Amino acid sequence: MSVRAAVVYRSGEPIVIETLSLDDPGPRELRVRVAATGVCHSDLHVAEGAFPSRFPIVLGHETSGVVESVGADVRTLRPGDHVVCCISGFCGQCEPCVTGHLSICQDKGVDRPRGAKPRMVDGDGKAIHQMTGISGFSEAMIVSERSCVSIRRDMPLDLACVLGCAVLTGFGAVAHTAKVTPGSIVAVLGCGGVGLMIVNAARIAGAGRIVAIDRVPAKLDLARKMGASDVIEAKDNDLVAETMALTGGGVHFSFEAIGLKTTVETAFRMLRPGGACTVVGVAAMGAEFSIPAMDLLLERRLQGCYMGSNHFPLDIPRLIDFYMDGRLNLKTLVSRRLPLDDVDQAFAAMKSGEAARSVITFPGVVQV
Ligand SMILES: NC(=O)c1ccc[n+]([C@@H]2O[C@H](COP(=O)([O-])OP(=O)(O)OC[C@H]3O[C@@H](n4cnc5c(N)ncnc54)[C@H](O)[C@@H]3O)[C@@H](O)[C@H]2O)c1
Ligand SMILES: [Zn+2]
Ligand SMILES: [Zn+2]
């Protein structure tokens, strides 16, 4: 079948809307009619060449949709199911999987093997790649059964998509990676889609104070709506000194959700003894951090976080229940909806920092 999709032919080049051909689903694959796809900074990192990737590529990994057809060996999903897709597909058999660390599975198996018939080709028959097995900036896509979880039908699909990355990552960073405790003091550096969800999740976890930091004042207003108790606008000010003064000696948990060397180092330096800094933002390839050795002596920790250390087949349905229950503020997170043809505008809004989360919606699939 033919679909319209947003293709990046080479890193740094503009996005082109093309008509592509989709293959039929393989035995453990599905064809998903895309309802909505959120625009994540990781898409921008790939498009700009900051992450290594194969090109040409259809980006978009934060996707919801409706299953249209399934391969012969698919057992967990049926046509008509509503799904959220996630790049944390897992094998269930490698050491990280069997020890419960699904998000760092070493054998995801969500792409077709190299040399196999491509899932998607352009008009010249050239293979078009996906981002870890997902290509949500397209009207439909072929994905592995492993990349999807079925969700309840009453969940609006234009909000459900953001559960696949920003919400799962932000929530998981708080609940699974850092394990924020009730009453603790939290700082969040960067209040984009991921950072705002960290704020929301810290609130749900019962944090005593939540200090949100961003360079864009409008983001700080959103952070307050998400539950921040204090905000600091990042300019040329000394963020460590300000946070130390505000919190009477530093925070128990800091989260970096930007992806810069300087802000990671700042996030670490604002910890009180015994505190943990969780680095969610992805810095450019080759970046290194510098932290004072003596600060580690008092049991401060600096830790990575991949997709919120998630167990997405469990986490996503539970997060939807949180939304239905009024605890997850997805309506504040999803700040604008755009058609596929305007995907470059969504990237521009992300670069300027003006949008919380832009979502590409596909007419006819999104419920209103
Ligand atoms: N670890 C993971 O598994 C994972 C998953 C998803 C996203 N990410 C990464 O998380 C980061 C955030 O993603 P996002 O989609 O929320 O991005 P985003 O662009 O929506 O948000 C980034 C925010 O940081 C702010 N900012 C930028 N520079 C700043 C500075 N110097 N000081 C203060 N604030 C600043 C921006 O104003 C913006 O609000 C990215 O690096 C992305 O690649 C990581
Ligand atoms: Zn993402
Ligand atoms: Zn595995």
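Whatever comes next refers back to the structure up there.
Predicted, not measured: the structure shown is a model, and the values here were computed from it.

A.B. asks: Could you give me a rundown of the site of ligand 1, with the residues and numbers involved?
C.D. replies: Lining the immediate environment of ligand 1, one finds 27 residues, of which His41, Asp214, Cys305, Met307 and Arg357 sit closest. The side chain of Ser42 places a nitrogen or oxygen atom 2.9 Å from an oxygen atom of ligand 1. In the environment of ligand 1, an oxygen atom lies 2.8 Å from a nitrogen or oxygen atom belonging to the side chain of Lys219. Compared with its free state, where it exposes 870 Å², ligand 1 has 92% of that area covered by protein. Of all elements in the fold, only helix H1 (41-48) and helix H5 (193-204) reach the threshold of two or more residues within the shell around ligand 1.

A.B. asks: Just give me the short version of the environment of Met324, but keep the residues and values in it.
C.D. replies: Mapped onto the elements of the fold, Met324 is located in helix H10 (residues 312-324). Residues Met324 and Val66, 258 residues apart in the sequence, show an inter-C-alpha distance of 20 Å. Apart from residues no more than four positions distant in its own chain, Met324 is found in contact with Arg152, Asp154, Met155 and Pro156.

A.B. asks: Any details on the side chain of Ser184? Residues and values, ideally.
C.D. replies: Along the polypeptide, Ser184 turns up in the loop between helix H4 (166-178) and strand E11 (185-189). Judged by relative accessible area, which is 4%, Ser184 ranks as buried. For Ser184, the side chain forms a polar contact with the main-chain oxygen of Thr181, separated by 2.5 Å. In this structure, Ser184 is in contact with Ala207, Gly208, Arg209, His252 and Phe253, ignoring residues within four places of it in sequence.

A.B. asks: Quick one: what's the story with the coordination of the zinc ion (ligand 2), residue by residue and with numbers?
C.D. replies: Within the protein, Cys40 (SG), His61 (NE2) and Cys165 (SG) serve as the donor atoms for the zinc ion (ligand 2), at 2.0 to 2.3 Å. Mapped onto the polypeptide sequence, the residues donating to the zinc ion (ligand 2) form the spacing pattern C-x20-H-x103-C. One end of the pair, Cys40, is in the loop between strand E3 (29-38) and H1; the other, His61, is in the loop between strand E4 (57-58) and strand E5 (62-70), and 21 residues separate them in sequence. Using a relative accessible area of 3% as the deciding quantity, one classes Cys40 as buried. Residue classification places His61 among the buried residues on the basis of a relative accessible area of 1%.

A.B. asks: So what's going on with the coordination of the zinc ion (ligand 3)? Residues and values would help.
C.D. replies: For the zinc ion (ligand 3), the full set of protein donor atoms is Cys91 (SG), Cys94 (SG), Cys97 (SG) and Cys105 (SG), and the range of their distances to it is 2.3 to 2.4 Å. If you look at the zinc ion (ligand 3), its four donor atoms make angles of 104 to 118 degrees with each other, and the shape they trace is tetrahedral. Summarised as a motif, the one-chain spacing of the donors to the zinc ion (ligand 3) is C-x2-C-x2-C-x7-C.

A.B. asks: Tell me about the sheet that holds E4, and please be specific about residues and values.
C.D. replies: Taken in spatial order, the five strands line up as E7-E2-E1-E4-E8 in an open sheet, and their pairing is mixed. Strands with a single pairing partner mark the edges of an open sheet, and in this sheet they are strand E7 (120-121) and strand E8 (129-130). Pairing analysis gives two bridges linking E4 to E8, with the strands arranged parallel. Following the sheet pairing, Val58 is matched in E8 by Gln130.

A.B. asks: Describe the pattern of salt bridges, listing the residues and the values that go with them.
C.D. replies: Going through the model one piece at a time under the given rule, you end up with 16 salt bridges. Residue Arg31 is joined to Glu68 by a salt bridge in which the shortest nitrogen-to-oxygen separation is 2.8 Å. Of this pair, Arg31 sits in strand E3 while Glu68 sits in strand E5, placing them 37 residues apart in sequence. Relative accessible area serves as the criterion here: at 19%, Arg31 is assigned to the buried category. With its nearest N and O atoms 2.7 Å apart, the salt bridge here joins Asp158 to Arg337. Of this pair, Asp158 sits in helix H3 (residues 157-160) while Arg337 sits in strand E17 (residues 334-338); the two residues are 179 residues apart in sequence, bridging distant segments of the chain. Take Asp158: its relative accessible area is 10%, and that puts it in the buried class.

A.B. asks: Outline the nonpolar core, supporting the account with residue identities and numerical values.
C.D. replies: In terms of nonpolar packing, the biggest core is built from 103 residues, with Phe137 and Leu163 touching the most fellow members. In terms of nonpolar packing, the next biggest core, distinct from the first, is built from 15 residues, Val211, Val264, Phe268 and Val279 among them.

Thresholds, definitions, all that
- Residues numbered from 1 in each chain as written.
- Chains lettered and ligands numbered in written order.
- Predicted model: local features only at pLDDT ≥ 70, side-chain atom pairs only at ≥ 80, totals over all residues.
- Heavy atoms only, no water.
- Near = heavy atom within 4 Å.
- Polar contact = N/O pair within 3.5 Å; in protein donor to acceptor, adjacent residues only side chain to side chain.
- Areas by Shrake-Rupley, 256 points an atom, 1.4 Å probe, with all protein chains shown as cover.
- Helix = DSSP H or I, 4+ residues; strand = E, 2+ residues; numbered from the N terminus.
- Contact = heavy atoms within 4.5 Å.
- Buried < 20%, exposed > 50% of the residue type's maximum accessible area, 1.4 Å probe, protein only.
- Donors = N, O, S within 2.8 Å, 3.2 Å for Na, K, Ca; no water.
- Tetrahedral: all angles 85-135°; square planar, octahedral: opposite > 155°, others 65-115°.
- Pairing = 2+ DSSP bridges.
- Salt bridge = Lys/Arg side-chain N within 4 Å of Asp/Glu carboxyl O.
- Core = buried A, V, L, I, M, F, W, Y, C linked by side-chain atoms within 4.5 Å.

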